[in-house]
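Summary of the model geometry
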Amino acid sequence: MEQDRDRQARSFGAAADTYERGRPGYPPEAVTWLVPWDARTVVDLGAGTGKLTRALRAPDREVIAVEPSDGMREQFAQVLPEVRVLAGSGESIPLPDNSVDVLVCAQAWHWVDPALAVPEAARVLRPGGWLGLVWNVRDVSVPWVAELERILRDYGPATNEERQDNQVGEPFGPVERQDVRWRQPITTAEALDMVASRSYVITLPTATREELLGRVRALLADRRPTEMPYVTECYRMRLPLTDR
């Protein structure tokens, strides 16, 4: 199980272009809740191809991306050449102590080792700084999306089921949560790329992956969706204002 998890975690670089085409962005309401208006230095941890990074940018704010995958960083640099992107991970963030106002991790905290990532996040944050965790979850209250999820479940569990948001703890304060419901316009090709960019799909044997994508194509041809409904689950926790 651990070997499969590690293999999935390393799989994204080979599919970075598919990830960029298929994965959704993040609604502005989520970013407003996760990032205080006066934050001047914000880190996007596990930035991928910069899906969240784009929404984090604001006047007088420095946004720094940290991403472990070479392939993802290369794609990120093509899409957002003006944003600094560093090689690093949740367990090893290449920034000085007390140098960041907010650290946000989108669609990636389930890959980290909390025993190492929590103190590392606390190290780089200033006193009173915020750690934000966020996931886009497809809204299965919509019938065709529920059918899509049933197909996907035949081939592997969603890795982010174990969010680990409940494993942050000290020195951070209590976890706060807010959900944002929204819809992303989507084409058939983008929906297929969204499925193909999942780690457990990337690592399937070729024949099995093609079987899965064939079933998804058939569903999309039947239902012809033009939007993907999401619930963006946002979690935030704050360091004490006093020095640690």
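How each quantity is defined
- Residues numbered from 1 in each chain as written.
- Predicted model: local features only at pLDDT ≥ 70, side-chain atom pairs only at ≥ 80, totals over all residues.
- Heavy atoms only, no water.
- Helix = DSSP H or I, 4+ residues; strand = E, 2+ residues; numbered from the N terminus.
- Rg over C-alpha atoms; globule rule 2.2 N^0.38 Å.
- Contact = heavy atoms within 4.5 Å.
- Areas by Shrake-Rupley, 256 points an atom, 1.4 Å probe, with all protein chains shown as cover.
- Lys, Arg positive; Asp, Glu negative; His and termini not counted.
- Charge placed at Lys NZ, Arg CZ, Asp CG, Glu CD.
- pLDDT = per-residue confidence, 0-100.
- Buried < 20%, exposed > 50% of the residue type's maximum accessible area, 1.4 Å probe, protein only.
- Salt bridge = Lys/Arg side-chain N within 4 Å of Asp/Glu carboxyl O.
- Polar contact = N/O pair within 3.5 Å; in protein donor to acceptor, adjacent residues only side chain to side chain.
- Phe/Tyr/Trp six-rings, centres within 6.5 Å; stacked < 30°, edge-to-face > 60°.
- Pairing = 2+ DSSP bridges.
- Right-handed = clockwise from strand over helix to strand, strands pointing away.
- Axes fitted to C-alpha atoms, helices over the stretch in contact; angles between N-to-C directions.

1. Looking at the overall build of the protein
Assigned secondary structure in the protein consists of 10 helices and seven strands. The C-alpha atoms of the protein give a radius of gyration of 18 Å, which matches the 18 Å a tight globule of 244 residues would have. For the protein, restricting intrachain contacts to residue pairs at least 6 apart in sequence, the fraction spanning at least 24 positions comes to 79%. When the accessible surface of the protein is summed, it comes to about 11,500 Å², and 49% of that surface belongs to carbon and sulfur atoms. Separation of charge centres in the protein, based on 30 positive and 37 negative side chains, amounts to 3 Å.

2. Some thoughts on the confidence of the model for the protein
Caution applies to low-pLDDT parts of the model: their predicted coordinates are not meant to be read in detail. Here the protein shows a mean pLDDT of 89. Residues at 70 or above account for 90%. Every residue in residues 1–14 scores below 50 in pLDDT, and together they form 24 contacts with partners more than four places removed in sequence or on other chains.

3. Notes on the side chain of Arg23
Counting through the fold element by element, Arg23 comes out in the loop between helix 2 (16–22) and helix 3 (28–34). Buried and unpaired, Arg23 has no salt bridge, with Asp193 as the nearest side chain of opposite charge at 10.0 Å. For Arg23, the side chain forms a polar contact with the side chain of Ser197, separated by 2.7 Å.

4. Comments concerning the packing of aromatic side chains
On inspection of all chains with the given rule, the structure shows two aromatic pairs. Geometrically, the ring pair formed by Trp135 and Tyr235 is edge-to-face, given 5.8 Å between the ring centres and 80° between the ring planes. Residue Trp135 is located in strand 5 (residues 125–138), and its partner Tyr235 is located in strand 7 (residues 227–238); the two are separated by 100 residues in the primary sequence. Taken individually, Trp135 and Tyr235 each receive the classification buried, so the pair is uniform in this respect. Here the aromatic rings of Trp182 and Tyr230 are separated by 5.5 Å at their centres, their planes lie at 25°, and the arrangement is stacked.

5. Some points on the pairing of strand 3 (residues 84–87)
Pairing of strand 2 (residues 62–67) with strand 3, which is carried by four bridges, proceeds in the parallel orientation. Residue pairing across strands places Glu67 opposite Ala87, the latter belonging to strand 3. Running through helix 5 (residues 70–79), the crossover from strand 2 to the neighbouring parallel element strand 3 is right-handed.

6. Quick word on the sheet that holds strand 4 (residues 100–106)
Hydrogen bonds between backbone groups are what pair the strands of a sheet, and the pairing can be parallel or antiparallel. Pairing within the open sheet is mixed, and its seven strands lie in the order 3-2-1-4-5-7-6. Taken across any chain shown, the strands that pair with only one partner, and hence form the sheet edges, are strand 3 and strand 6 (176–185). Strand-to-strand twist of the sheet, defined as the mean angle between neighbouring strand axes without regard to direction, takes the value 25°. Bridge count between strand 1 (residues 41–45) and strand 2: five bridges; the pairing is parallel. Paired with Val43 across the two strands is Ile64, which belongs to strand 2. On the sheet, helix 5 packs against strand 2 and strand 3 and is oriented at approximately 175° with respect to strand 3. The strands that helix 7 (residues 143–153) touches are strand 5 and strand 7; relative to strand 7, the one it contacts most, it runs at about 75°.

7. Concerning the environment of Thr226
On the secondary structure map, Thr226 appears in the loop between helix 10 (206–223) and strand 7. Sequence separation between Thr226 and Ala191 is 35 residues; the distance between their C-alpha atoms is 9.5 Å. If near-sequence neighbours (up to four positions away) are discounted, Thr226 is found in contact with Gln184, Pro185 and Ile186.

8. Section: unusual backbone geometry
Put simply, Glu170 and Pro171 share a cis peptide bond, and its omega is 10°. Of note, Pro171 is situated in the loop between helix 7 and strand 6. The phi torsion at Asn98 lies on the positive side, around 50°, for a residue other than glycine. Within the secondary structure, Asn98 sits in the loop between strand 3 and strand 4.

9. What about the pairing of strand 4?
The buried fraction of strand 4 is high, at six of seven residues. Bridge count between strand 1 and strand 4: four bridges; the pairing is parallel. Within the sheet, the bridge partner assigned to Val42 lies in strand 4 and is Val102. Sheet topology note: the strand 4/strand 5 ladder contains six bridges and is parallel.

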